[in-house]
Every structure is written in structure tokens, then in C-alpha cells.
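Listed here are the chains, written in short residue letters.
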Amino acid sequence: MQILRKTFGRGYEKAVELGQEGTISLLKKKGLLGRGGGGFSTGQKWEMVLNEISEQKFVVCNADEGEPGTFKDRFILMNNPEIVIEGILTACFAVGADTAFIYLRGEYDYLESSLKKTIKSILEKTKSKTKIDIVVGAGAYVCGEETAILNSIEGERGQPRHKPPYPTARGLWGKPTVINNVETLANVPLLMFYDDWNPNLRLYSLSGNVAKPGVYELPEGTSLKKLIELGQPVKKIKAVYFGCFGGCMPYDDILITSENICGKGCMLGAHTIIAVDETKSIVDVATNIAKFYEFESCGKCTPCREGTMRIMNLLENISLKNAKMHDLNTMQELAEVIKETSFCGLGQSATNHLLTALKYFRNEFEERVIEKKDRKRVGR
Amino acid sequence: MDLLLTELRRIQKKEGFVSEKSMKLLSKKLKIPISKVYGAATFYAMMHVKKQGRNVIEICNSPSCYLNGSLDLIKFLEKKLKIKSRQTTKDGRFCLHICSCIGCCDKSPSMKINGKVYSNLTEKKILEILKTCRS
């Protein structure tokens, strides 16, 4: 796997050789895009921070992959943490920051001690004076959002901030800040050092009803069928979810590219694939995801705080066969309002799973709704 | 630099939860209002402001685990320990939390007890794990 190659500090040395602007232009030339889900050009992000005039700048490594079904960052941090640290050092050098933070999600706290050792050994090897601190989170899905991380590190409640200003202009303690995902930073030393670095290779996290779940490194645009077959499903696969926020679509032989998935009304994000087989009901999965969002909504804005709770109640009623047909329409309308009026990405995507489920698997929802004439018969 | 979140985690690791007394001390130490300390402490799912059991069980119920039968295991645990989520057993030995994804979707269903991950769970496996927990 490309992501498991070692660079032994030589990626950072190459960056120092090239200088700040040289490093950034190499990043742009090789076409490294953010791997956390946004897909923003990393070189461009770094350039924006480099061009800001400030006495202090920060680099934050986002190791808070809270998206259910995603575990690629854990895979990198366990198997090749050296390149992540080297990527952080390179980022610090390129933008002129002297302090970096790794925001490690609370669920991965067992990785903290080994990461500390890696940081120490890399700093000794490269003789860099950069300070790298680990801040361990405490279990909040919304803290995967970049501005929420900033609030969390500063000691506020981990709620998202308004954008603009973007963190590249005003981030941690109001200073320009680079925030990059673990996989993005891991690729930095690889592309600096290896001429044959392939920008198309991505990590896919495959889980759900497959016998061989795991992290697969495949090119962007691999066919969905090929990926699922690598996972060796036991039963027939009915649907795939792209994490909780990405929504679902019927299992089909399409190429996994952002455009293709967007065309289905879904979002590809961090290349998370959860396979659902034919024995599972989409209504039950939707209820499970609705519970997740109700629990994880941070409470900052009303549509998300109240809406996710209402959606959960409606779905529970439907799955217990207590709902009427018009509840389905109410739910769809509410889901659309939440999507359009929420403050941050969490709320805006909190009902995407439901809207896509209603689009492709509406019959399963309708089956759980009692018809009016049946309702009289059962005495309601 | 003393970061509030790091300090809160340190207290919880030492005492099992963040009491009102330690919040007051922390607010003095960091020179910030206690409301801010309380606000941060109650925001996170893994922070507790109430006394916890001697063994904290966090079992994942996010889609990947759910599709592999986590709900049955949660019901099994609730029956076995005679508590619901966010409750503590009468003898104070266990408390149970249903939590969001813990990033072990490739080894689902999974849970964490006192920070240690146990994966590919079955009812039989859970019974064996519970036996090894501190009494």
C-alpha cells in the first residue's frame, strides 16, 4: 500500500530544501486534495495561511474521524504514524507555524502514548524546534467539523463557528490556522519524497454486512461492485450507505467518483462504504441513524436540535407501525427544512440519509404505515 | 499551556468523574468562570459529572455495529446487569453507556470497558469479559 511506505524524515528534508513557496507549489502541482471529505486543495489552503501576516500561526491535525463506518485514520495512526508527524512538521515549516496540535478523538485515546513517542523520535531525527501537542477529545461527533475543533481546543463547548472568517484567516485563538485531516497530512511527505506518488489512490473504509471489512487502498473511481466483492458479502447486498451523513443508494455497479455519487443524491465524503444486505430493513437502519443524530446534535441551532429529535420520534413511530401515511410526508418536509436551515454541516446533512432512503426505498416505509381502512379494523 | 479539555480528562482519569468540587478548583486554577467549566464538562459524551460505576461499559450502536447485531447485545447487557443506558448497577460495579461509533467498524460489534476495546462480540464473549472486570 502506498500509505504504508516510509520516508524516514526525507520528505521533510526535501521541503526544507525547496523552501516555503517551493513546497506549496509542489503540493499544488502534484494535486493533493483534502482527504477528510471536503476535497479542498491542500496547497491552496497552505498558501492562504502563508500569505496571512501574523506573529503566530498554528497547524491542527484533525484526527477526529467521528463518521460512523470510517476508520482509515485509525489505520494510519496505528500502522504508519511517522508520516503523519512528518506531514505536520512539513505543514508547520511551509506556513511558518511554530506550534501544532493533534486533535485525537476521545475514542482513540489508547493511541496517545504511542503517538507521543513517535513525535519525540521524529523531532529528534529532524532537529526541528516545532512544538507538537496532542489534545484528546471526549466524544463529540460535531468536533470533526474544523471550527468546532478550534472551540474544543480553546476550552469552549465544541460547537461550530460561523464561516467566514475561515480558519485560514482567523483560527485558533484568532490566529491563521491550517487544519488538515490525518490522511491528507500522511500523503504530504510521500508526495514530497516519492516521484511515483499516485494522487488517485484513496483509502476506502468498508464495513457492514461483509465478511471481510477493512481499509482498502484503491484508485478513485473504482467500481462499487469490485469493492463490495473484496469484502466478500455472505448475503445479497441491497443498499450501501456512505457513512451516516452521505446518504444511501441501492447497490449498483457504478464507479465511485464524487460526481457519480452526487448524481444519486448522496455524498462521498471520506470514502466510507457501509453495506446493507437484503435481510435488513432500511426503516430500521434509518431509525438507528436518526438516533445517532439526535444524540450528537450540539444544540446550537434550533432546526438541528429540535428537528433531529422530531425525525427520530416519527421514525420510531413508523418502525413500530404506529404512524399514518401523512406522517411520511411530514417527515420528508421536516427533513428538507432541517437540511436547508441548519447552521453547520452536521445539521445540513443530518437528514440526507432519510431523504435518500425515502427516494429509493419509499415502499419499505409505506409497508410499515397502516392504511386508513386497516386502522378502523384494528380499532383505532 | 493548560487546556481546559485536557485538565478535565486528567481529573476524570484520576477520579472517575468530574465532581462539583473539582470543577470549582479547576475554575480557580485556570481563572475562568465555573459556568464555562461546567459547560465544557457537560458537552462531551465521554465526560461524566455524576459518579460512575467501577467499570464503565461503552457499547457502540452506530450503523456498522448495528448491522452486525449490536442491538441484541445491548438488550442482553441490559438484562444481565438489570440497568438501562446511563445507569449504574446497585452494587456500583458497572455502568452502561450506549455510545456513537468508536471507530472499530471493521471488528463490529465492539465496546469499550474502562477505555479498552473489545471487538467481534458475542453474548458468550461478553459474559467472559464481564467476569474479568474489577469487582
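Residues numbered from 1 in each chain as written. Chains lettered and ligands numbered in written order. Predicted model: local features only at pLDDT ≥ 70, side-chain atom pairs only at ≥ 80, totals over all residues. Heavy atoms only, no water.

Visitor: Summarise the interface of chain B and chain A; cite the residues concerned and give the values.
Guide: In this complex, chain B contributes 34 residues to the contact, which on the side of chain A involves 49 residues. For the chain B and chain A pair, buried surface summed over both sides reaches about 3300 Å², with 58% attributable to carbon and sulfur atoms. Our count for the chain B to chain A interface comes out at 4 salt bridges. Linking Asp106 of chain B and Arg74 of chain A is a salt bridge whose minimum nitrogen-to-oxygen distance equals 3.0 Å. At the junction of chain B with chain A, the criterion picks out 17 residue pairs in polar contact (both at pLDDT 80 or more). When residues of the side of chain B that touches chain A are traced back to their parent elements, those giving at least two are helix H1 (4–15), helix H3 (34–43) and helix H4 (63–67) of chain B. Ranked by residue count, the leading element in the side of chain B that touches chain A is H3 of chain B, at 5 residues. Looking at side-chain class alone, the side of chain B that touches chain A contains 18 nonpolar, 10 polar and 6 charged residues. (Contact = heavy atoms within 4.5 Å. Buried area = accessible area lost by both parts, 1.4 Å probe. Salt bridge = Lys/Arg side-chain N within 4 Å of Asp/Glu carboxyl O. Polar contact = N/O pair within 3.5 Å; in protein donor to acceptor, adjacent residues only side chain to side chain. Helix = DSSP H or I, 4+ residues; strand = E, 2+ residues; numbered from the N terminus. Nonpolar A, V, L, I, M, F, W, Y, C, P; charged D, E, K, R; others polar.)

Visitor: A description of the packing of helix H1 (residues 10–30) of chain A against helix H2 (residues 42–51) of chain A should follow, citing residues and the corresponding values.
Guide: All names here are of chain A. Packing of H1 against H2 brings their axes to within 7 Å, and their N-to-C directions diverge by 155 degrees. Between H1 and H2, the crossing angle belongs to the class labelled roughly antiparallel. Between H1 and H2 lies a crossing whose hand is left-handed. Residue-level contacts link Gln20, Glu21, Ile24, Leu27 and Lys28 of H1 to Thr42, Gly43, Gln44, Trp46, Glu47 and Leu50 of H2. Classifying every residue of the contact of H1 with H2 gives 4 nonpolar, 4 polar and 3 charged. (Axes fitted to C-alpha atoms, helices over the stretch in contact; angles between N-to-C directions. Parallel < 35°, antiparallel > 145°, perpendicular 65-115°, else oblique. Left-handed = near helix turned anticlockwise from the far one by under 90°.)

Visitor: So what's going on with the nonpolar core? Residues and values would help.
Guide: Membership of the largest hydrophobic core comes to 71 residues, with the highest contact counts inside it found for Ile153, Tyr293, Met331, Leu354 and Phe365 of chain A together with Leu8 and Tyr44 of chain B. In terms of residues, this core owes the most to one element, helix H10 (residues 282–296) of chain A, which gives 8 residues. Not counting the four nearest positions on each side in its chain, Met331 of chain A is found in contact with Ile311, Leu314, Leu315, Ile318, Leu354, Leu358 and Phe365 of chain A. Judged by nonpolar contacts, the second largest core, of 53 residues, contains Ile24, Leu27, Val49 and Ile88 of chain A. (Core = buried A, V, L, I, M, F, W, Y, C linked by side-chain atoms within 4.5 Å. Buried < 20%, exposed > 50% of the residue type's maximum accessible area, 1.4 Å probe, protein only.)

Visitor: Residue-level account of a positive patch on the surface, with values.
Guide: All names here are of chain B. A surface patch of positive charge is lined by Lys80, Lys82, Lys90 and Lys131. In this structure, Lys80 sits in helix H5 (residues 70–81). Classification of Lys80 by relative accessible area gives partly exposed; the value is 46%. (Patch = residues over 30% accessible without salt bridge, like charges linked within 9 Å, V, L, I, M, F, W, Y side chains within 5 Å. Areas by Shrake-Rupley, 256 points an atom, 1.4 Å probe, with all protein chains shown as cover. Lys, Arg positive; Asp, Glu negative; His and termini not counted. Charge placed at Lys NZ, Arg CZ, Asp CG, Glu CD.)

Visitor: Can you break down the sheet that holds strand E1 (residues 55–60) of chain B residue by residue, with the values?
Guide: Adjacent strands of a sheet pair through backbone hydrogen bonds, lying either parallel or antiparallel. Residue and element names in this part refer to chain B. Taken together, 5 strands build an open sheet; the order of strands is E2-E3-E1-E4-E5 and the sheet is mixed. The open sheet terminates on both sides in strands that have one partner only, identified here as strand E2 (87–88) and strand E5 (116–118). Inspection of the sheet shows E2 paired to strand E3 (residues 94–99) by 2 bridges, in the antiparallel sense. By the bridge assignment, Gln87 is partnered in E3 with Leu96. The strands that H5 touches are E1, E3 and strand E4 (111–113); relative to E1, the one it contacts most, it runs at about 155 degrees. (Pairing = 2+ DSSP bridges.)

Visitor: Please set out the pairing of strand E7 (residues 237–241) of chain A residue by residue, giving values where relevant.
Guide: Residues and elements named next belong to chain A. With 4 of 5 residues buried, E7 is to be regarded as a mostly interior element. The pairing of E7 with strand E9 (residues 272–277) spans 4 bridges and is antiparallel. Directly across from Tyr241, in E9, lies its bridge partner Ile274. Both E7 and strand E8 (residues 248–250) contribute to a ladder of 3 bridges, which runs antiparallel. From the neighbouring strand, Tyr241 faces E8, where its bridge partner is Cys248. Turn length for the E7-E8 hairpin, with the two strands adjacent in sequence and antiparallel, is 6 residues, and the turn residue Gly243 shows positive phi of about 75 degrees.

Don't take any of this as a statement about function, it's just geometry.
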